[in-house]
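What the coordinates show
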Amino acid sequence: MAQPTNTFSAFDGIGNKEDLSELIANVDPYDTPFMSLVRTETAKATLKEWQSDTLDAADGANAVIEGDDATGDAITATTRLRNTLQTSDKVVIVTTIQDRVDKAGRSSELAYQIMKKGKALKKDMETILLSNQARVAGNDTTARLLRGMEAWYSSNTSRGAGGAAGGDLTAATDGTQRALTESLLKTVLQTAYTNGGNIKYAMAGPFNRTQISAFTAGATKFYNVQDRRLIATVTALETDFHVLKIVPNRWQRDRTLHLIDPEYAAVAWLEPITMQELAVTGLTKKRQIWGSYTLQVDTEKAHAVVADLTTS
């Protein structure tokens, strides 16, 4: 087939308008399960401090004779804990012309970019809070860093060969990776219960979230006749000690299974997420979005971890 002579087609047209949709597709997630789960606290200094305490061990031989003279029992002081406030930010710079010209999908480029950066900032914070990051006090040339959740676990832990707990100023040492099993989970839950913990949530990365659904407890799949659904996942495990809700989290390391009691963890804010206009230095509009925050782990014994897991 051939086009007739002197046919004027869309390839020849000069004034044809573009067909640019007003819809801007963006499927990138920005949910923050950990920040949504734990408490919110207020910080008043760049170093947040709090105290934890313990009871005496149970004494199965606690009996005194009639008329016995009272003897003082040993008293243990509280433990003083701390974490450094970290500041995270995003900066948006848009030219005055780009903000003014007619655009598809948004009226203001500045407002649109601020919205995107605000969501991205929350993703950064979620990642940092759950990370294996060591606390850094900071100075005029070094940014302050908070101690991430992975660096807190020490009492209720399951680690691969060579793995070790972190400390106040040190991250945990990664060990040899191994597959997540029911046995690993049950063992560390038993340890946590013995130490007084009542863990309510298991937070897993994408791969190990699917591994939990493959546990024996999820071996029997259910079919909902009414709406023709096949239920092929485990959303909660009724363990020997309590019901454990399973929460997937995209932003944590997939090699770590966090076992959390949200009553004993908080995000403490010195400066909640805020935006300010920066000085005009040319034909641009500048905005800075930031927050100063830290992770408050009231007592690490309330939580547990199965670390050093395979991720594929």
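Residues numbered from 1 in each chain as written. Predicted model: local features only at pLDDT ≥ 70, side-chain atom pairs only at ≥ 80, totals over all residues. Heavy atoms only, no water.

1. Remarks on the sheet that holds strand E10 (residues 243-248)
With mixed pairing, 6 strands are arranged side by side in an open sheet as E5-E14-E11-E6-E10-E9. A strand with exactly one partner marks an edge of an open sheet, and here the two such strands are strand E5 (157-158) and strand E9 (236-238). As judged from the 3 bridges shared by E9 and E10, these two strands associate in the antiparallel manner. Across the sheet, glutamate 238 pairs through a bridge with valine 243, a residue of E10. Sitting on the sheet, helix H4 (residues 182-194) touches E5, E9, E10, strand E11 (257-260) and strand E14 (304-306), and the angle it makes with E14 is about 160°. (Pairing = 2+ DSSP bridges. Helix = DSSP H or I, 4+ residues; strand = E, 2+ residues; numbered from the N terminus. Contact = heavy atoms within 4.5 Å. Axes fitted to C-alpha atoms, helices over the stretch in contact; angles between N-to-C directions.)

2. Points about the pairing of strand E2 (residues 47-52)
Burial of E2 is one-sided: the residues Lys48, Trp50 and Ser52 facing one way are buried, the residues Leu47, Glu49 and Gln51 facing the other way are not. Two strands pair when backbone bridges link them, and E2 and strand E3 (residues 79-84) are joined in this way by 6 bridges, in the antiparallel orientation. Bridging across to E3, leucine 47 finds its partner in threonine 84. (Buried < 20%, exposed > 50% of the residue type's maximum accessible area, 1.4 Å probe, protein only.)

3. Quick notes on the side chain of arginine 178
By the element assignment, arginine 178 lies in the loop between E5 and H4. Here arginine 178 is buried and forms no salt bridge, its nearest opposite-charge partner aspartate 308 lying at an N-O distance of 5.1 Å. Those residues in contact with arginine 178 that sit more than four places away from it in its chain are Ser158, Arg159, Gly160, Leu184, Val306, Ala307, Asp308, Leu309 and Thr310. (Lys, Arg positive; Asp, Glu negative; His and termini not counted. Salt bridge = Lys/Arg side-chain N within 4 Å of Asp/Glu carboxyl O.)

4. Quick word on the packing of aromatic side chains
This structure, assessed with the given rule, holds 3 aromatic pairs. Consider the rings of tyrosine 193 and phenylalanine 241, whose centres lie 4.7 Å apart with planes at 20°: the pair is stacked. One end of the pair, tyrosine 193, is in helix H4; the other, phenylalanine 241, is in the loop between E9 and E10, and 48 residues separate them in sequence. Given the relative accessible area of 42%, tyrosine 193 is considered partly exposed. A relative accessible area of 30% places phenylalanine 241 in the partly exposed class. With a centroid separation of 5.6 Å and an interplanar angle of 40°, the aromatic rings of tryptophan 269 and tyrosine 293 are classed as tilted. Of the two residues, tryptophan 269 sits in strand E12 (residues 265-277) while tyrosine 293 sits in strand E13 (residues 284-297), which places them 24 residues apart along the sequence. (Phe/Tyr/Trp six-rings, centres within 6.5 Å; stacked < 30°, edge-to-face > 60°.)

5. Observations concerning the sheet that holds strand E1 (residues 39-42)
One open sheet accounts for 4 strands, arranged E1-E12-E13-E4; its pairing is mixed. Taken across any chain shown, the strands that pair with only one partner, and hence form the sheet edges, are E1 and strand E4 (86-95). When strand polarity is set aside, the average angle formed by the axes of neighbouring strands in this sheet is 30°. Sheet topology places E4 next to E13; 10 bridges connect them, and they run antiparallel. For isoleucine 93, the partnering residue across the bridge sits in E13 and is lysine 286. Where helix H3 (residues 109-129) meets the sheet, it contacts E4, E12 and E13, and its direction lies at approximately 160° from that of E4.

6. Here we look at the layout of surface pockets
In this model, the largest pocket occupies a volume close to 670 Å³. Taken together, 28 residues form the lining of the largest pocket, with Ser52, Asp53, Thr54, Thr299 and Lys301 sitting closest to its centre. When contributions to the lining of the largest pocket are tallied by element, the ones reaching two or more residues are E2 and E3. (1 Å grid on protein atoms, 1.4 Å probe; cavity = no way out; pocket = protein on both sides within 12 Å on 5 of 7 lines; lining within 4 Å. Points joined across faces, edges and corners; volume = space filled by probe spheres on them.)

7. A short note on the nonpolar core
Among the nonpolar cores identified, the biggest contains 31 residues, and Phe34, Leu129, Met149, Val267, Tyr293 and Leu295 are the most heavily contacted of them. With 6 residues, the top contributor of residues to this core is H3. Among all residues touching leucine 295, those that are not within four sequence positions of it are Phe34, Trp50, Asn83, Leu129, Leu146, Arg147, Gly148, Met149, Trp152 and Ala266. Counting 19 residues, the second-largest nonpolar core is a separate cluster that includes Leu180, Leu185, Leu259 and Val306. (Core = buried A, V, L, I, M, F, W, Y, C linked by side-chain atoms within 4.5 Å.)

8. Comments concerning empty space enclosed by the protein
Summed over all chains, the structure comprises 1 cavity of 30 Å³ or more. When its volume is computed, the largest cavity comes out at roughly 50 Å³. Taken together, Asn132, Glu150, Tyr153, Arg159, Ala172, Thr173, Asp174, Arg253, Thr256, Val305, Ala307 and Asp308 make up the lining of the largest cavity.

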